[in-house]
Amino acid sequence: MENIYAKFGIDKKILDYSQKIIKELKPRFEEIDAVAEYNQAKVIKAMQDNRVDAQCFAGSTGYGYNDAGRDTLEQVYAHAFGTESALVRPQITCGTHALAIALSANLLPGDELLSPVGRPYDTLEEVIGIRPSPCSLAEYGVSYNEVELLPDGSFDYEGIRNAINERTKLITIQRSKGYAMRRTFSVSQIGELIAFCKSVKPDVICMVDNCYGEFVEVIEPSNVGADMIVGSLIKNPGGGLAPIGGYICGSKECVDRCAFRLSAPGLGQEVGASLDVKTSLYQGFFMAPTVVAGALKGAIFAARLYESLGFRVLPDGNESRHDIIQAVELGSPERMIAFCKGIQAAAPVDSYLTPIPYAMPGYNADVIMAAGAFVQGSSIELSADGPIREPYSVYFQGGLTWYHAKLGIMMSLQKMYEAGLVDIK
Ligand SMILES: *Cc1c(COP(=O)(O)O)cnc(C)c1O
């Protein structure tokens, strides 16, 4: 082991330190494997019950009429996530697009959108119009309100009750922390929040931004009352194989509207050729529970490792997990850059590149991103990123295999160590 890791320039000191930490994590890893086993069976059952066969993988072109494999894939998603309906399409370009469709399809002029969990993910600020943008919801006369979390990270139920009014049509709940130093919510916490919102206003639509959360637990927010769950196929549910796409799973009424918004009123789900990507979407969904398990092991290893070196990490090394993201508060731009260099240097693709901070569309600070991915920008593959702003946290996620995640994390520490930015006892 020492020999192979030495070829990457990893010091024996760093390898030994890492191995000691991994030994202590064995019981956690067993729990993760049990969740993956359950979810693997769940996905296989959904595929069997919908009679997935080789014909499902055939490509379609043009309008994509009668693309049975596309429709079956949507049934598989609906079945696995426990919803009436699903829209799973390569025409959905990313998570932000899926969320923008779900919001704009279900909010009309005069309606209000409420986020009861504080400010949503950076890219949604322009979708909503928090930062003015052409074609934002605000431009179409949809207002927005938010309720901050309480200082301890819990829901401000009183504030939420007061914020829900006769115009409140849709409530958006972001499961994962995104680029905030807050906690990710468990599915059961989300269930409580949804139940509360519906007790105040029974017909309000509850949508969950499920990005990075899929298959981390044995249930999803759609199993605890969410009317829609939304995510990206180049994150968890694509299993690293999906080359593009997004999903919206939920009630038939909500998903039908999303389909009309994605294509055109009157056309809906009937059109949309799947070209040649269906095998990857099916196979990726099949692989996803295992891939997510590997990513979770990486996240927990990173947490324990950096925590033991005195950095603030969120979640900490002992907490239960509700998404695959690991935040490490590094406290300086130099450490962020060194960390990302290590992740990059461990990649199977583009390992010779050096990540540097730059301005990205949708984000309000320079962002550094390290990834050497088979699918561009895929963050179920090993990646680290973060906006260069206080408190200088990197958000680490993914790894199609646990061993790759382990290599990347050891390399991140190696790069900081070489630059004299960290002490190892
Ligand atoms: C990644 C992410 C998004 C946006 O997804 P993109 O695919 O990058 O557009 C939205 N919300 C959360 C919480 C995310 O993690």
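See the structure above.
Quick caveat: nothing in here was measured; it's all calculated off a predicted structure.

### What to know about the overall build of the chain
So, step 1. When helices and strands are counted, the chain shows 12 helices and 12 strands.
So, step 2. A compact globule built from 425 residues should have a C-alpha radius of gyration of about 22 Å, and the chain, at 21 Å, falls within 12% of that.
So, step 3. Dimensions of the chain, computed from the C-alpha atoms along their principal axes, are close to 65 × 50 × 40 Å.
So, step 4. A total of 425 residues make up the chain; the buried ones form 57% of that total.
So, step 5. A separation of at least 24 residues holds for 71% of the contacts in the chain among residues at least 6 apart in sequence.
So, step 6. About 17,300 Å² of surface is accessible on the chain, with carbon and sulfur atoms providing 54% of the total.
So, step 7. Separation of charge centres in the chain, based on 38 positive and 50 negative side chains, amounts to 4 Å.

### As for the site of the ligand
So, step 1. Surveying the vicinity of the ligand reveals the residues Cys 94, Gly 95, Thr 96, Leu 99, Tyr 121, Gln 174, Asp 209, Cys 211, Tyr 212, Ser 232 and Lys 235.
So, step 2. Take Asp 209: an N or O atom from its side chain is 2.6 Å from a nitrogen atom of the ligand.
So, step 3. Coverage of the ligand by the protein amounts to 91% of the 380 Å² it exposes when considered alone.
So, step 4. The biggest single contributor to the shell around the ligand is helix α5 (residues 95-106), with three residues.
So, step 5. Split by residue class, the shell around the ligand holds five nonpolar, four polar and two charged.

### Section: a nonpolar patch on the surface
So, step 1. There is a patch of nonpolar side chains on the surface, built from Ile 44, Leu 241, Phe 286 and Met 287 and spanning about 280 Å² of accessible area.
So, step 2. Within the secondary structure layout, Leu 241 lies in the loop between β6 (228-232) and β7 (246-250).

### Topic: the sheet that holds strand β9 (residues 326-329)
Either a parallel or an antiparallel arrangement is found when strands of a sheet pair, and the pairing is made through backbone hydrogen bonds.
So, step 1. Strand order in this open sheet of five strands is β8-β9-β12-β11-β10, and the pairing throughout is antiparallel. Across the chains shown, the open sheet's two edge strands, defined by having one partner strand only, are β8 (312-314) and β10 (367-371). Mean inter-strand twist for the sheet, computed between neighbouring axes without regard to direction, equals 20°.
So, step 2. Pairing analysis gives three bridges linking β8 to β9, with the strands arranged antiparallel. Note that in β9 the partner of Arg 312 across the bridge is Glu 329.

### As for the sheet that holds strand β2 (residues 112-115)
So, step 1. Reading across from one edge, β1-β7-β6-β5-β4-β2-β3 is the order of the seven strands in this open sheet, with mixed pairing throughout. Sheet topology places β1 (85-89) and β3 (143-146) at the edges, where each strand pairs with a single neighbour. Sheet twist, expressed as the average angle between the axes of neighbouring strands with direction ignored, equals 20°.
So, step 2. Direction of pairing for strand β4 (residues 168-174) relative to strand β5 (residues 205-209): parallel, over a ladder of five bridges. Residue pairing across strands places Ile 171 opposite Cys 206, the latter belonging to β5.
So, step 3. In the packing of helix α8 (residues 187-200) onto the sheet, the strands contacted are β4 and β5, and the crossing angle to β5 comes to about 160°.
So, step 4. Here helix α9 (residues 252-262) sits on the sheet and contacts β1, β5, β6 and β7; the angle it forms with β1, its principal contact strand, is near 25°.

### Some points on α5
So, step 1. Under the 1.5 Å per step criterion, the end-to-end length of α5 is 17 Å for 12 residues, consistent within 8% with the ideal 16 Å.
So, step 2. Of the residues making up α5, those classed as buried are Gly 95, Ala 98, Leu 99, Ile 101, Ala 102, Leu 103, Ala 105 and Asn 106.

### A short note on helix α11 (residues 333-345)
So, step 1. Taking 1.5 Å as the rise per residue, α11 with 13 residues should run 18 Å; its terminal C-alpha atoms sit 18 Å apart, in good agreement.
So, step 2. Summarising the contacts, the buried residues of α11 are in contact with α10 (278-308), β10, β11 (383-387), β12 (393-397) and α12 (402-418).

### A word on the side chain of Lys 177
So, step 1. Within the secondary structure, Lys 177 sits in the loop between β4 and α8.
So, step 2. Reaching out from Lys 177, the side chain makes a polar contact with the backbone oxygen of Ile 325 at a distance of 3.3 Å.
So, step 3. In contact with Lys 177, not counting residues within four places along its chain, are Arg 182, Thr 184, Leu 314, Pro 315, Asp 323, Ile 325, Ala 327 and Tyr 395.

### What about the packing of helix α2 (residues 12-24) against α12?
So, step 1. Where α2 meets α12, the axes come as close as 10 Å, and the angle between the chain directions of the two elements is 135°. As far as their axial angle goes, α12 and α2 are oblique. Crossing angle aside, the handedness with which α2 passes α12 is right-handed. In this structure, α2 uses Lys 13, Ile 14, Leu 15, Ser 18, Gln 19 and Ile 22 to contact α12, whose residues at the interface are Trp 402, Lys 406, Met 410, Leu 413, Gln 414 and Tyr 417.

### Brief notes about the packing of aromatic side chains
So, step 1. According to the stated counting rule, one finds 17 aromatic pairs in the structure shown.
So, step 2. With a centroid separation of 5.7 Å and 45° between ring planes, the pair formed by Tyr 77 and Tyr 247 is classed as tilted. Here Tyr 77 is found in helix α4 (residues 68-81), whereas its partner Tyr 247 is found in strand β7, with 170 residues between them in sequence.
So, step 3. For Tyr 77, a relative accessible area of 1% corresponds to the buried category.
So, step 4. For Tyr 247, a relative accessible area of 0% gives the class buried.
So, step 5. Between Phe 301 and Trp 402, the ring centres sit 5.8 Å apart and the planes meet at 90°, which makes this aromatic pair edge-to-face. Residue Phe 301 is located in helix α10, and its partner Trp 402 is located in helix α12; the two are separated by 101 residues in the primary sequence. Just as Phe 301 is buried, Trp 402 falls in that class too.
So, step 6. One aromatic cluster is present, formed by Tyr 77, Phe 81, Phe 215, Tyr 247 and Phe 285 through successive ring pairs.

Cut-offs and rules
Residues numbered from 1 in each chain as written. Predicted model: local features only at pLDDT ≥ 70, side-chain atom pairs only at ≥ 80, totals over all residues. Heavy atoms only, no water. Helix = DSSP H or I, 4+ residues; strand = E, 2+ residues; numbered from the N terminus. Rg over C-alpha atoms; globule rule 2.2 N^0.38 Å. Buried < 20%, exposed > 50% of the residue type's maximum accessible area, 1.4 Å probe, protein only. Contact = heavy atoms within 4.5 Å. Areas by Shrake-Rupley, 256 points an atom, 1.4 Å probe, with all protein chains shown as cover. Lys, Arg positive; Asp, Glu negative; His and termini not counted. Charge placed at Lys NZ, Arg CZ, Asp CG, Glu CD. Near = heavy atom within 4 Å. Polar contact = N/O pair within 3.5 Å; in protein donor to acceptor, adjacent residues only side chain to side chain. Nonpolar A, V, L, I, M, F, W, Y, C, P; charged D, E, K, R; others polar. Patch = residues over 30% accessible without salt bridge, like charges linked within 9 Å, V, L, I, M, F, W, Y side chains within 5 Å. Salt bridge = Lys/Arg side-chain N within 4 Å of Asp/Glu carboxyl O. Pairing = 2+ DSSP bridges. Axes fitted to C-alpha atoms, helices over the stretch in contact; angles between N-to-C directions. Expected span 1.5 Å × (residues − 1). Parallel < 35°, antiparallel > 145°, perpendicular 65-115°, else oblique. Left-handed = near helix turned anticlockwise from the far one by under 90°. Phe/Tyr/Trp six-rings, centres within 6.5 Å; stacked < 30°, edge-to-face > 60°.

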